[in-house]
Amino acid sequence: MQPNAKLEDYSGVWVVVERSESEIDPVVLELLGKAWDLAKKRNTSVTAVILGKHADQESKKLGIHGADNILGVHCPDVQDYEQEFYTRVLTELVHERKPEIILIGATPQGRDYAPRLSKRLNTGLTADCTGLDIEETTGNLLQECPTYGGNIMAIIQTVSSRPQMATVARGVFKPKIRTKASKVKVEKITYCFDATRERASTVDIIEQDGETRDVRDAEILVAGGRGMESSENFGLLEELAREIGGKVAGTRSACDLGWIEKNCQVGQTGHVVKPRLYIACGISGAIQHTIGMQDSEHIIAINKDPEARIFSIADTCIVADVLEFIPAFINAIKRFRNS
Ligand SMILES: Cc1cc2nc3c(=O)[nH]c(=O)nc-3n(C[C@H](O)[C@H](O)[C@H](O)COP(=O)(O)OP(=O)(O)OC[C@H]3O[C@@H](n4cnc5c(N)ncnc54)[C@H](O)[C@@H]3O)c2cc1C
């Protein structure tokens, strides 16, 4: 917060837009829906801040999903995401316009610049929120986040500084659609920024091979945890997934151990997924994991510990050693198919 500024000098909810080459990231539309709710409670407006040249092109879509205003900042010399460009432009805009709340997607990009921005603004940032609400009288943002190893759902507030900043992963909120068309105000600014003088710059953006590895849209997910014991044993999950037409995902522990790519992590700091079937293999069921999969239509959990937390949210609970159960399960599927 700027020295000499008062809490009441700040108003309005901002959502920072993230856009790939062709479209807006879905998390932006989800955040706009939440921003709309928060703004209504504070009797204020929602501004979508878009860095790049797409303000006009995207105004209709952003408006339908909850934005009242679009603020487009274009820099002719910046084509792709630049960490310092985002940080510097947003710092200056916030100092000038004083929004009360800034919502950012917990994407690799958002996770990159949001902490820098909060430091420069001298304010708080709650990362990977799993819920957001507002105290109408004070304007304090109620930022829900699991803490202490998931034993407590904390409600974090930034009571003494503004703006209040939060990041939220894709899939936590549902996008909303405005039924009544309202006029969206578009304001455009040109900003001069010399990216060549910065210490860090984007050299290239390489799309990941998403054919087998995008777990977000899978109808069936076979997820493995530390109970799988090794990366070789993850091969069993690949085989099971192939047999039933699913994809393989993992817990953070499994990703950290290098048993599966980071991009396949499910949970608070990974992806939020809602497949028709989620098979949790050797997963304890820590809240940071279950937040990302608890809305799956049907959950099968396999764990050798009958007290495992995952069983409290599973529809089908199998107490067994995964390394014995999964090969037997695959054989049974094959036998059934051939019979
Ligand atoms: C800020 C923060 C964010 C986090 N974000 C995420 C996130 O996005 N996603 C995530 O997953 N985690 C996340 N975590 C980590 C989370 O708290 C847990 O540590 C993690 O989910 C545990 O992973 P796991 O279930 O694979 O391992 P463990 O908790 O070690 O569980 C292994 C389970 O396997 C069972 N098991 C062992 N051997 C066998 C066997 N042979 N057969 C059957 N069962 C067996 C055990 O009984 C146990 O229940 C986060 C933590 C923090 C602090």
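Residues numbered from 1 in each chain as written. Predicted model: local features only at pLDDT ≥ 70, side-chain atom pairs only at ≥ 80, totals over all residues. Heavy atoms only, no water.

Engineer: Please set out the sheet that holds strand β7 (residues 141-147) residue by residue, giving values where relevant.
Structural biologist: The three strands are arranged β6-β7-β8 in an open sheet whose pairing can be described as antiparallel. Each edge of the open sheet carries a strand with a single partner, namely β6 (131-134) and β8 (152-156). With direction set aside, neighbouring strand axes in the sheet form an average angle of 30°. Relative to β6, helix α1 (residues 26-42) is tilted by about 15°, and along the sheet it contacts β6 and β7. (Pairing = 2+ DSSP bridges. Helix = DSSP H or I, 4+ residues; strand = E, 2+ residues; numbered from the N terminus. Axes fitted to C-alpha atoms, helices over the stretch in contact; angles between N-to-C directions. Contact = heavy atoms within 4.5 Å.)

Engineer: Tell me about the site of the ligand, residues and numbers included.
Structural biologist: Around the ligand there are 25 residues in total, and R226, T251, Q265, T269 and S284 lie nearest to it. Q268 has a polar backbone atom sitting 3.0 Å from an oxygen atom of the ligand. Interatomic distance of 2.7 Å between a side-chain N/O atom of T269 and a nitrogen atom of the ligand. Taking 990 Å² as the accessible area of the ligand by itself, protein coverage stands at 77%. For the ligand, the cavity whose grid points lie within 2 Å of the majority of its atoms is the second largest pocket. Of all the elements in the fold, those that place two or more residues in the shell around the ligand are α6 (252-256) and α7 (287-290). Class assignment for the residues of the shell around the ligand results in five nonpolar, 14 polar and six charged. (Near = heavy atom within 4 Å. Polar contact = N/O pair within 3.5 Å; in protein donor to acceptor, adjacent residues only side chain to side chain. Areas by Shrake-Rupley, 256 points an atom, 1.4 Å probe, with all protein chains shown as cover. 1 Å grid on protein atoms, 1.4 Å probe; cavity = no way out; pocket = protein on both sides within 12 Å on 5 of 7 lines; lining within 4 Å. Sits in = over half its atoms within 2 Å of the grid points. Nonpolar A, V, L, I, M, F, W, Y, C, P; charged D, E, K, R; others polar.)

Engineer: Quick rundown of the packing of helix α3 (residues 83-97) against helix α4 (residues 108-121)? Include the residues and the values.
Structural biologist: Between α3 and α4, the least distance of the axes is 9 Å, while the angle of their chain directions is 40°. Between α3 and α4, the angle is such that the two are oblique. For the crossing formed where α3 meets α4, the hand is right-handed. Here α3 contributes Q83, E84, Y86, T87, R88, L90, T91, V94 and H95 to the contact with α4, which in turn contributes Q109, D112, Y113, R116, L117, R120 and L121. For the contact of α3 with α4, a count of residues per class yields six nonpolar, five polar and five charged. (Parallel < 35°, antiparallel > 145°, perpendicular 65-115°, else oblique. Left-handed = near helix turned anticlockwise from the far one by under 90°.)

Engineer: Account for the layout of surface pockets, naming residues and giving values.
Structural biologist: There is about 1700 Å³ of room inside the largest pocket. Forming the boundary of the largest pocket are 43 residues, of which E18, S20, Q109, I205 and E207 lie nearest the centre. Looking at the lining of the largest pocket, the elements that each hand over two or more residues are β2 (46-51), α3 and α4. With three residues, α4 is the largest single contributor of residues to the lining of the largest pocket. Residues that form the lining of the largest pocket fall into these classes: 15 nonpolar, 15 polar and 13 charged. For the second largest pocket, the calculated volume is near 310 Å³. For the second largest pocket, the lining is made up of 18 residues, of which T251, R252, S253, A286 and H289 are closest to its centre. Of all the secondary structure elements, the ones that give two or more residues to the lining of the second largest pocket are α6 and α7. Counted by class, the lining of the second largest pocket contains three nonpolar, 13 polar and two charged residues. (Points joined across faces, edges and corners; volume = space filled by probe spheres on them.)

Engineer: Give a detailed account of the sheet that holds strand β13 (residues 277-281), specifying residues and quantitative values.
Structural biologist: Strand order in the open sheet formed by five strands is β12-β11-β13-β14-β15, and the pairing between neighbours is parallel. Both outer strands of the open sheet, β12 (247-250) and β15 (316-319), are each paired with one neighbouring strand and no more. Sheet twist, expressed as the average angle between the axes of neighbouring strands with direction ignored, equals 20°. In terms of strand pairing, strand β11 (residues 220-224) meets β12 through four bridges, oriented parallel. Note on β12: the bridge partner recorded for V222 is V248. In the packing of helix α8 (residues 322-338) onto the sheet, the strands contacted are β13, β14 (298-303) and β15, and the crossing angle to β13 comes to about 140°.

Engineer: Just give me the short version of the environment of T87, but keep the residues and values in it.
Structural biologist: Here T87 lies in helix α3. T87 sits in the buried class, given a relative accessible area of 0%. Residues T87 and K6, spaced 81 residues apart in sequence, show a C-alpha to C-alpha distance of 23 Å. Setting aside residues up to four positions removed in sequence, T87 forms contacts with Y113, R116, L117 and R120. Among the polar contacts listed, one links the side chain of T87 to the backbone oxygen of Q83, at a separation of 2.6 Å. (Buried < 20%, exposed > 50% of the residue type's maximum accessible area, 1.4 Å probe, protein only.)

Engineer: Which residues make up the packing of aromatic side chains, and what values do they have?
Structural biologist: Overall, the coordinates contain eight aromatic pairs when judged by the stated rule. Residues F85 and Y86 carry aromatic rings whose centres are separated by 6.3 Å and whose planes lie at 75° to one another, so their mutual orientation is edge-to-face. By relative accessible area, F85 is classed as buried at 3%. Residue classification places Y86 among the buried positions, given a relative accessible area of 6%. Where F325 meets F329, the ring centres are 5.6 Å apart and the plane angle is 35°; that geometry is what we call tilted. Of this pair, F325 and F329 both sit in helix α8, four residues apart, which is roughly one turn of the helix. F329 sits in the partly exposed class, given a relative accessible area of 27%. The ring of W36 has R178 lying over it, and the distance from NZ or CZ to the ring centre is 5.0 Å. (Phe/Tyr/Trp six-rings, centres within 6.5 Å; stacked < 30°, edge-to-face > 60°. Lys NZ or Arg CZ within 6 Å of the ring centre and 35° of its normal.)

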